[in-house]
Protein chains: 2
Amino acid sequence: MVETTRRREIEDVASELFREHGYSGTSVRDIARALDIQGASLYAHVASKQDVLWSIVDRTASQFEAAADAALADLGDAEPMARLRALALAHVGVVVEDIGRASVFIHEWRSLSPERRARTLTRRDAYEQRFRDVIREGIVAGTFAPIDPTVAAAYLLTALNGLVAWYQPDGRLGPSSVTDAYVELSIRAVSGAAADEAS
Amino acid sequence: MVETTRRREIEDVASELFREHGYSGTSVRDIARALDIQGASLYAHVASKQDVLWSIVDRTASQFEAAADAALADLGDAEPMARLRALALAHVGVVVEDIGRASVFIHEWRSLSPERRARTLTRRDAYEQRFRDVIREGIVAGTFAPIDPTVAAAYLLTALNGLVAWYQPDGRLGPSSVTDAYVELSIRAVSGAAADEAS
DNA sequence: GCTGGTGCCTAACGAACGTTAGGTTGGAGC
DNA sequence: GCTCCAACCTAACGTTCGTTAGGCACCAGC
């Protein structure tokens, strides 16, 4: 049950299967088949199926947090737009780097046990709070349009997370061009004065 | 197996359960329990579990299409920004009106049988094409920033769809204020000239 | 007062589920 | 040459899955 190469392989193929068919839609024997071993053999490496999900979610949560920390570290008190840009860039970076794990983190936390689920939601909320804060500061500074920071942050994060729904690492669009476009779209969404156009 | 009130009730509770636990994570007996009947009794009303999912997805797909049709009908050749605004408003409208069914349509199409899945994806692509088209026109007209219309349309649609991840019909935010904010954020994301800011 | 249909029941089916127990293999270290 | 350990095996467990079969209660229409 310790951290070995094999254990990591299991989480990798499990991420991909969970992403495609969901946690409930993936059986232990499915994961084993992808590794060319028997279902029961998996239990030499993991304590339970739930344990595999938890490892993936927990590790990916840490990656998102670390990326945000690093992004903000070297521009401490820069203006809100630069900080939001850095946050968005870091977020998309984690998603693009390992789309399987990111997808599981984003969608499959519902399948966690109640306690782990609650703990994960708390972390997610703290993470989202960084976005809310910088958006609020930007509004106060007049850089961003006056929109409820909670709604704006939710909009931006789900938009960035939406990448996992369609992005293919070996598709026609390279990771950097998609990343740039996503960051630019996000910045522009919250920028500027209030639009006074009637619908 | 014909369309009755009871059949509709089944789809309603199934939508909510599929939304919360996914298609695979919801058993026929779960659906029955929510209706206070036995699992086997459901089969007096539906042909199969898959059949319930298909009804929900199929009907919701039609709702999105009809809403888009209606939105564009009365402003045929208006300028791109007005058309995109109408499309976004219509989309969010369908989502907010029945968030359970919308959530299932958006996330659970993977659990459809291969043939139905393919058919649904084709419809989705045609729907998304409307967004791509109007975005392309807006870029040509100079109203929108020059971003790959495919990326921009995917960004916008997943952002709007992201509403199902957090919106609660009886939460502190009313449907109209959230809808307005979402439309405004979306319009601004694609509007304007190219941002020439370095990251 | 019989008929038909709707809506539900219990009982059961074979298959698949997550998981446990106990055993075999093969290579590394002393 | 023996020990150890990681990695895998087969067999089986109790449970839950989607689904079928057959039957009963109620109510409307003739």
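Look a little higher up for the structure.
Structural notes, computed from the coordinates. Bear in mind that the values here come from a model prediction, so they are computed numbers and not experimental data. (Residues numbered from 1 in each chain as written. Chains lettered and ligands numbered in written order. Predicted model: local features only at pLDDT ≥ 70, side-chain atom pairs only at ≥ 80, totals over all residues. Heavy atoms only, no water.)

Before going further, it helps to spend a moment on the protein's contact with DNA strand D. As a matter of local geometry, DNA strand D sits amid 16 residues, with A:Gln38, A:Ser41, B:Val28, B:Tyr43 and B:Lys49 nearest to it. Restricting the count to atoms of DNA strand D within 4 Å of the protein gives a sugar and phosphate share of 60%. One of the side-chain N or O atoms of B:Ser27 is found 3.5 Å from a phosphate oxygen in DNA strand D. For DNA strand D, a phosphate oxygen lies 2.8 Å from a polar atom in the side chain of B:Lys49. Its residues placed into classes, the surface near DNA strand D shows six nonpolar, six polar and four charged. (Near = heavy atom within 4 Å. Polar contact = N/O pair within 3.5 Å; in protein donor to acceptor, adjacent residues only side chain to side chain. Nonpolar A, V, L, I, M, F, W, Y, C, P; charged D, E, K, R; others polar.)

All chains considered together, the criterion is met by 38 salt bridges over all chains. Measuring nitrogen to oxygen at the nearest pair gives 2.9 Å for the salt bridge that ties B:Arg130 to B:Asp69. Taken together, the residues span a long stretch of sequence, with B:Arg130 in helix α6 (residues 114-141) and B:Asp69 in helix α3 (residues 49-73) at a distance of 61 residues. Classification of B:Asp69 as partly exposed rests on a relative accessible area of 44%. Among the ionic contacts, a cluster of salt bridges with common partners joins A:Arg7, A:Glu11, A:Asp12, A:Asp51, A:Arg59, A:Asp98 and A:Arg101. (Salt bridge = Lys/Arg side-chain N within 4 Å of Asp/Glu carboxyl O. Helix = DSSP H or I, 4+ residues; strand = E, 2+ residues; numbered from the N terminus. Buried < 20%, exposed > 50% of the residue type's maximum accessible area, 1.4 Å probe, protein only.)

In the vicinity of DNA strand C lie 16 residues, with A:Val28, A:Tyr43, A:Lys49, B:Gln38 and B:Ser41 positioned nearest. Within 4 Å of the protein, the contacting atoms of DNA strand C are 60% sugar and phosphate, with bases supplying the remainder. One of the side-chain nitrogen or oxygen atoms of A:Lys49 is found 2.9 Å away from a phosphate oxygen of DNA strand C. With respect to DNA strand C, the side chain of B:Ser41 contributes an N or O atom lying 2.7 Å from a phosphate oxygen. Partitioned by chemical class, the residues of the surface near DNA strand C number six nonpolar, six polar and four charged.

Okay, the packing of aromatic side chains next. Taken as a whole and assessed by the stated rule, the structure comprises 14 aromatic pairs over all chains. Here A:Trp166 and A:Tyr182 contribute two aromatic rings whose centre-to-centre distance is 6.3 Å and whose plane-to-plane angle is 40 degrees, an arrangement assigned as tilted. Taken together, the residues span a long stretch of sequence, with A:Trp166 in the loop between α7 (149-161) and α8 (175-190) and A:Tyr182 in helix α8 at a distance of 16 residues. Judged by centre distance (5.7 Å) and plane angle (55 degrees), the rings of B:Tyr127 and B:Phe131 are tilted. Of this pair, B:Tyr127 and B:Phe131 both sit in helix α6, separated by four residues, roughly a single helical turn. Both residues of the pair, B:Tyr127 and B:Phe131, count as buried. Taken together, the ring pairs in this structure connect A:Phe64, A:Phe105, A:Tyr127 and A:Phe131 into an aromatic cluster. (Phe/Tyr/Trp six-rings, centres within 6.5 Å; stacked < 30°, edge-to-face > 60°.)

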